[in-house]
Amino acid sequence: MPLFKLENISKIYANNTVLKNIDLTIESGISYAIIGPSGAGKSTLLRLMNLLELPSFGNLYYNDQSVANANESVLLPLRRQMTMVIQNSQMLAGTVEDNMKIGLKLRGLPNSIIQEKIKQALAFVGLKNLVNRKANTLSGGEIQRIALARAITLEPKVLFLDEPTANLDPQNVAMVESLISDIQKQFSTTVIIVTHNLFQAKRIAEEVIFMHQGKIIEKASAKTIFNDPAENLTKQFVHGTMIY
Ligand SMILES: Nc1ncnc2c1ncn2[C@@H]1O[C@H](COP(=O)(O)OP(=O)(O)OP(=O)(O)O)[C@@H](O)[C@H]1O
Ligand SMILES: [Mg+2]
């Protein structure tokens, strides 16, 4: 059973069709990268799978459950099986611990378990020492690692990442990438990352989805996409010769 199944999905904002007839199957436990030019619809596709937006047309299944027309009471518990980490993660006032508690409290977990999860997740990302640090004093790299730690505490089945390293220096990029791979391996999390960094897609993803102008042009193993893509547009994009 696939984790997500998208059938002929389109998304229209006002009169702008930003996703066109998307068919896509996502398998559990695999790492996917979504690549493509700016405006291709990558973030929109991510928000659809994260159940933050609903399709205008088509069917969307999560674990075989049709969710294309589901209401909030159905969507909320499913959405809680997923976490999104974005480019510039937001931290609220207060300490790192305060920030990490919020989602866990919403889930109604007892305080002792919350403390333990936070401790373990901070250890996982190597930032145990920052637990009592004011969140507004963190560096950009630390914020992204704390955002990953926060994601880990929620034990998501799916980890969505939208340009998670776009504003980081190479050292932090490497650190965040290896954490993402560790999360996938250790917790069998399904990882779906949108990235402009083709090297990052190569390093992290088993499967790569190439999007262009609202369509999925090609989905194949990372090896195929980067070494021997079937489609001309994919070839142009990965070779840096696409004009847009
Ligand atoms: N809420 C919205 N209302 C109207 N148009 C939107 C909305 N969200 C996205 N769009 C439009 O949909 C198109 C695809 O946007 P999207 O953010 O999915 O692209 P992207 O591939 O993630 O691009 P980038 O690489 O620049 O982040 C764009 O033309 C964008 O302006
Ligand atoms: Mg985007």
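Just above sits the structure.
In this report, we go over the structure that sits alongside the text. (Residues numbered from 1 in each chain as written. Chains lettered and ligands numbered in written order. Predicted model: local features only at pLDDT ≥ 70, side-chain atom pairs only at ≥ 80, totals over all residues. Heavy atoms only, no water.)

## Digging into the side chain of Glu177
Mapped onto the elements of the fold, Glu177 is located in helix α6 (residues 170-187). Glu177 gets classed as buried once you look at its relative accessible area, which sits at 6%. Residues in contact with Glu177, not counting those within four places in the same chain, are Gln200, Arg203 and Ile204. (Helix = DSSP H or I, 4+ residues; strand = E, 2+ residues; numbered from the N terminus. Buried < 20%, exposed > 50% of the residue type's maximum accessible area, 1.4 Å probe, protein only. Contact = heavy atoms within 4.5 Å.)

## A word on the side chain of Lys42
By the element assignment, Lys42 lies in helix α1 (residues 42-49). Among buried charged residues, Lys42 stands out as having no salt bridge; its nearest opposite-charge side chain is Glu163, 5.4 Å away. Excluding residues that lie within four positions of it along the chain, Lys42 makes contacts with Ile34, Ile35, Gly36, Pro37, Val194, His196 and Met211. (Lys, Arg positive; Asp, Glu negative; His and termini not counted. Salt bridge = Lys/Arg side-chain N within 4 Å of Asp/Glu carboxyl O.)

## A word on the site of ligand 1
Within the structure, ligand 1 sits among Tyr13, Val18, Pro37, Ser38, Gly39, Ala40, Gly41, Lys42, Ser43, Thr44, Arg47 and His196. A distance of 2.8 Å separates an oxygen atom of ligand 1 from a polar side-chain atom of Ser43. Contact with the protein chains removes 60% of the 640 Å² of surface that ligand 1 exposes when unbound. The greatest single-element share of the shell around ligand 1, amounting to four residues, is contributed by α1. (Near = heavy atom within 4 Å. Polar contact = N/O pair within 3.5 Å; in protein donor to acceptor, adjacent residues only side chain to side chain. Areas by Shrake-Rupley, 256 points an atom, 1.4 Å probe, with all protein chains shown as cover.)

## Some remarks on the packing of helix α3 (residues 96-106) against helix α4 (residues 111-124)
The relative placement of two packed helices comes down to the angle between their axes together with the axis-to-axis distance. Look at α3 against α4: their axes get within 10 Å of each other, and the N-to-C directions meet at 125°. On the basis of the axis angle, α3 is oblique to α4. Every pair of crossing elements has a handedness; the one defined by α3 and α4 is right-handed. The segment α3 lies against α4, with Val96, Glu97, Met100, Lys101, Leu104 and Lys105 engaging Asn111, Ile114, Gln115, Lys117, Ile118, Ala121 and Leu122. Looking at the contact of α3 with α4 residue by residue, the classes come out as seven nonpolar, two polar and four charged. (Axes fitted to C-alpha atoms, helices over the stretch in contact; angles between N-to-C directions. Parallel < 35°, antiparallel > 145°, perpendicular 65-115°, else oblique. Left-handed = near helix turned anticlockwise from the far one by under 90°. Nonpolar A, V, L, I, M, F, W, Y, C, P; charged D, E, K, R; others polar.)

## With respect to the sheet that holds strand β7 (residues 158-162)
Ordered by their spatial adjacency, six strands build an open sheet running β6-β7-β8-β3-β9-β10, and the pairing between neighbours is mixed. Two strands lie at the open edges of the sheet, namely β6 (82-86) and β10 (215-221), each paired on one side alone. Neighbouring strand axes in the sheet, compared pairwise and without regard to direction, differ in orientation by 15° on average. Note that β7 and strand β8 (residues 190-194) share five bridges and pair parallel. Across the sheet, residue Phe160 finds its bridge partner in β8, namely Ile192. Most of the contacts of helix α5 (residues 140-153) go to β6, to which it runs at about 175°, and overall it touches β6 and β7. (Pairing = 2+ DSSP bridges.)

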